[in-house]
Amino acid sequence: MEQLSVFAIFFDGKTFREELLCLISLPGRTTGEIIFTELTQFFERNGLDVSKIVSVVTNGALSMVGHRQGLVSRLSAVNPALLAFHCIIYKSVLCAKLCGKMKETMDTVTRLVNFVHESSSLQHRLFRALLEEMSAEHKDLLLHNDVRWLSKGRVLERCVTCVMNLSFLSSLQSQKASNFLSFLTDNKVISDVTFLCDIMSHLNHLNLRLQGKNHTVADMYEAIEAFRSKLHLLERDIHFPRLHEHYEKNKMQEDPAMKDFVSRLAENFKERFESSPKLSADILLFVRQPFSVSADGQWTAEAKKLVPSIDLGDEL
């Protein structure tokens, strides 16, 4: 049986709180109509008014964002001023989806790690023992899991750190081991691995900033905008520590493909976040420092347009 987790941010009279509102069981189909019905019934049972919902954040599933039958469309029919957001963390991960040569490199690293872990428990133990003997910074490789968005960067970081200690592959009588050894001794390939390691560390830092409780939309959009500005700087001057160290050590020239990747990443962020509901600089500032914004006619008109229920005062 499927279950829907519903979290709510609300004002309790003293401060804003973020709590798990409910777990809704969804036996059978999970259409927008069924989700909407179950949600409204929960609100009615607990004396809550669906029309007081100011904004909603969902993933990109059709049952959530379908133009006519999705949950967001049905909630918007109850409250036409509803602000709808696509999960900001999920969108940022979609922006960083790998393709082409970089995806092939990441897939090979994943297969290498899985090979060391799974093909033989003996060789895995020997590899860990080798790392211990060499006083390596890390004592094992990490498995990559697509469900855990942070794991990709951590797997790459661990692989780059341990790459010199994977020479034991030459002692294995296996075509796979031979292929992986060729992969690890190709300086061009390793430059791709170190580049991915560096760019994923930036993406992981962004991902961590977006996680956790009590983050407002303003906090998250400011983090996204800061990251977009960082990407524009990186487009003009590719400078990643692990990649730079690899280039210096092997006397290699900068690969134009690295700048192309950063440019595509910046464009992905622009396309996915430019279409989001617009929050002006004054709105974002008001969320953080209410008394820093001048309460003139233009500001109050914009605030009322964004949140029409603001005039209701204590009725909320």
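Everything discussed here concerns the structure shown above.
The residue count restarts for each chain, going from 1 along the sequence in the order it is written. Thresholds applied to this predicted model are a pLDDT of at least 70 for local features of residues and 80 or more for the giving and counting of side-chain atom pairs; totals over whole chains, interfaces and linings are not thresholded and use all residues. Only hydrogens and water are set aside; all other atoms, that is, all heavy atoms of the structure, feed into the side-chain values.

**Considering the packing of aromatic side chains**
Here comes step 1: Ring pairs shown here join Phe, Tyr and Trp side chains whose ring centres sit within 6.5 Å, with only the six-membered ring taken for Trp; geometry is labelled stacked below 30 degrees between planes, edge-to-face above 60, and tilted in between. Applying the stated criterion across every chain, the model contains eight aromatic pairs.
Here comes step 2: Taking 6.3 Å as the distance between ring centres and 90° as the angle between the ring planes, the aromatic pair formed by Tyr221 and Phe273 counts as edge-to-face. Placement of the pair is Tyr221 in helix H10 (residues 217-236) and Phe273 in helix H12 (residues 256-274), with a sequence separation of 52 residues. In terms of burial, Tyr221 and Phe273 fall into one category: buried.
Here comes step 3: Ring-pair connections join several aromatic residues into one group, and the members of that group are Phe85, Tyr221, Phe227, Phe269 and Phe273.
Here comes step 4: Only when the NZ atom of a Lys or the CZ atom of an Arg is both within 6 Å of the ring centre and within 35 degrees of the ring normal do we say a charge sits over the ring. In this arrangement the basic side chain of Lys91 is found over the ring face of Phe273, its NZ or CZ atom lying 4.6 Å from the centre. By definition, any uninterrupted DSSP run of H or I lasting at least four residues is a helix, any uninterrupted run of E lasting at least two residues is a strand, and each is numbered from the N terminus. Relative accessibility under 20% of the residue-type maximum defines a buried residue, over 50% an exposed one, and the middle range a partly exposed one, all with a 1.4 Å probe and only protein chains included.

**As for the environment of Ala84**
Here comes step 1: Of note, Ala84 is situated in strand S4 (residues 83-86).
Here comes step 2: For the pair Ala84 and Val54, spaced 30 residues apart in sequence, the C-alpha separation works out to 8.9 Å.

**Quick look at helix H3 (residues 71-78)**
Side chains of residues three or four places apart in an α-helix project in the same direction, reflecting 3.6 residues per turn.
Here comes step 1: Along H3, the positions that sit buried rather than exposed are Leu71, Val72 and Leu75. Along the axis of H3, the buried residues cluster in a sector spanning 95°; they form a single face.
Here comes step 2: Working rule for contacts: check all heavy atoms of both residues, and any pair within 4.5 Å makes them a contact. In this fold, the buried residues of H3 make contact with helix H1 (32-45), strand S3 (55-58), helix H2 (62-65) and S4. By construction, the arc corresponds to the directions joining the helix axis to the C-beta atoms.

**With respect to unusual backbone geometry**
Here comes step 1: The backbone of Lys251 shows a phi angle near 50°, a positive value even though the residue is not glycine.
Here comes step 2: Inspection of the secondary structure assignment puts Lys251 in the loop between helix H11 (241-250) and H12.

**Notes on a nonpolar patch on the surface**
Here comes step 1: Patches were defined on residues exceeding 30% relative accessible area and lacking a salt bridge, with like-charge contacts within 9 Å and nonpolar side-chain contacts (Val, Leu, Ile, Met, Phe, Trp, Tyr) within 5 Å. Per-residue accessibility takes into account occlusion by the displayed protein chains alone, with areas from the Shrake-Rupley method and a 1.4 Å probe. By definition here, a salt bridge exists when the distance from a side-chain nitrogen of Lys or Arg to a carboxyl oxygen of Asp or Glu is within 4 Å. Residues Phe7, Leu20 and Leu23 make up a contiguous nonpolar surface patch of roughly 320 Å² in combined accessible area.
Here comes step 2: With respect to the element layout, Phe7 can be found in strand S1 (residues 2-11).
Here comes step 3: Taking the relative accessible area as the measure of exposure, Phe7 reaches 54% and is therefore exposed.

**Things to note about the packing of helix H9 (residues 187-210) against H10**
Here comes step 1: Where helices are involved, their axes are fitted lines through C-alpha atoms of the stretch in contact, as for all axes, and angles between N-to-C directions lie from 0 to 180°. Interhelical geometry of H9 versus H10 gives an angle of 165° and a closest axis separation of 9 Å. When the interaxial angle is binned, H9 and H10 end up roughly antiparallel. The handedness of the crossing between H9 and H10 is right-handed. Contact residues: His202, Leu203, Leu206, Arg209 and Leu210 in H9; Met220, Ala223, Ile224, Ala226, Phe227, Lys230 and Leu234 in H10. Angles are sorted into four bins: roughly parallel if under 35 degrees, roughly antiparallel if over 145, roughly perpendicular if 65 to 115, and oblique for all others. Here a crossing is taken to be left-handed if its near helix is turned anticlockwise relative to the far helix by less than a right angle, and right-handed if that turn runs clockwise.

**Looking at the nonpolar core**
Here comes step 1: Here the nonpolar core consists of buried residues drawn from Ala, Val, Leu, Ile, Met, Phe, Trp, Tyr and Cys, with membership extended through side-chain atoms lying within 4.5 Å. Judged by nonpolar contacts, the single largest core of 51 residues is most densely connected at Val109, Leu156, Phe195, Leu210, Leu231 and Phe269.
Here comes step 2: Among the elements that make up this core, the one with the highest residue count is H9 (eleven residues).
Here comes step 3: Core analysis: the second largest hydrophobic core is formed by 18 residues, Leu26, Ile53, Val56 and Leu71 among them.

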